[in-house]
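Structure at a glance
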Amino acid sequence: MKIKSIFIYNILYISYLNATEGCNILSYTHDNKPKVFKIREDIPKYRKINITKKLSSFTLKYENQEIKIERAIEKSNHTCPPFCIQPMNIKGVKTVGELEVLDFIKGLKGKEARLFIDIRENREYKKHTIPRAINIPSHMLKNGSKYKKEVLTILGGKKNNNRWVFKFVPYLLIFGQGSDDSRTSNVIKTLMELSYPKEKIYYYRAGVNGWKNLGLTLY
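Residues numbered from 1 in each chain as written. Predicted model: local features only at pLDDT ≥ 70, side-chain atom pairs only at ≥ 80, totals over all residues. Heavy atoms only, no water.

Here the focus is the sheet that holds strand E1 (residues 46-49). In a beta sheet, neighbouring strands are held together by backbone hydrogen bonds and run either parallel or antiparallel to one another. Strand order in this open sheet of three strands is E1-E3-E2, and the pairing throughout is antiparallel. Of all strands in the sheet, those bounded by a partner on one side alone are E1 and strand E2 (57-62). Going from strand to strand, the sheet's axes swing by 55 degrees on average, the running direction of each strand aside. Here E1 pairs with strand E3 (residues 65-74) via four bridges, running antiparallel. Note on E3: the bridge partner recorded for Arg47 is Ile73. (Pairing = 2+ DSSP bridges. Helix = DSSP H or I, 4+ residues; strand = E, 2+ residues; numbered from the N terminus. Axes fitted to C-alpha atoms, helices over the stretch in contact; angles between N-to-C directions.)

Per-residue confidence for the protein chain averages 82 on the pLDDT scale, and 79% of its residues sit at or above 70. In the model, residues 1-30 has pLDDT below 50 throughout and makes 21 contacts with residues more than four positions away in sequence or in other chains. (pLDDT = per-residue confidence, 0-100. Contact = heavy atoms within 4.5 Å.)

The next thing to look at is the nonpolar core. Core analysis: the largest hydrophobic core is formed by 22 residues, its most contacted members being Leu155, Ile174, Ile188, Leu191, Tyr196 and Ile201. Residue assignment for this core shows that the elements contributing at least two residues are helix H5 (148-154), strand E9 (171-175), helix H6 (182-193) and strand E10 (201-204). If near-sequence neighbours (up to four positions away) are discounted, Ile201 is found in contact with Val93, Lys94, Leu172, Ile174, Ile188, Leu191, Met192 and Tyr196. (Core = buried A, V, L, I, M, F, W, Y, C linked by side-chain atoms within 4.5 Å. Buried < 20%, exposed > 50% of the residue type's maximum accessible area, 1.4 Å probe, protein only.)

In this section: the pattern of salt bridges. Tallied over the full model, the rule gives seven salt bridges. Note that Lys48 is salt-bridged to Glu70, the shortest N-O span being 3.4 Å. Placement of Lys48 in strand E1 and of Glu70 in strand E3 is noted, with a sequence separation of 22 residues between them. Among the charged side chains, a salt-bridge network with shared partners connects Lys48, Lys68 and Glu70. (Salt bridge = Lys/Arg side-chain N within 4 Å of Asp/Glu carboxyl O.)

Below, the discussion takes up the environment of Leu60. Checked against the element boundaries, Leu60 lands in strand E2. Setting aside its immediate chain neighbours within four residues, Leu60 contacts Gln65, Glu66, Ile67 and Ile69.

Following this line, the structure appears as structure tokens:
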């Protein structure tokens, strides 16, 4: 009796699926009958892109099976490069999470000099950003940029002959779009190459995407 009840329940459940998904119940009971399927338009369409510039995927063994780990994202114009997954740590620069970001924001009015920097393009910044962030787009620090000298001066740098000197400079907390935004790590690496003290740089790797995914306020 119990087995019969389970069988009836399964048939009823399949009937429910047929009603909602458009699949003919005959396809479950008679292989020679035509099968009717409805294409669901609400399923995201994904495409594969590289994990890093040199790594497209890798295979491992788990429970006697080979599993391929790869990266698939909803269809967009993103490619890797430049949207490759970024490392958690950058040459000794401290990586921070959301609670540390909140503490940094709270201290912006304190005696300690601090700058909270969104390195995305101005159009991205205007759409939304983390409250109290200022916008210094990453392209302003690229070689050949007419803004580079001005930006480095704002950050406390002084040019001595052909090199930059950073003595009394603010603490920087730098973020971009997310963990695959290479612009953030490139800005940090550029500053360190110019001798900006790494102990005064903080890296919020999760960026705007991570902040938004946790339901935190965007401005």
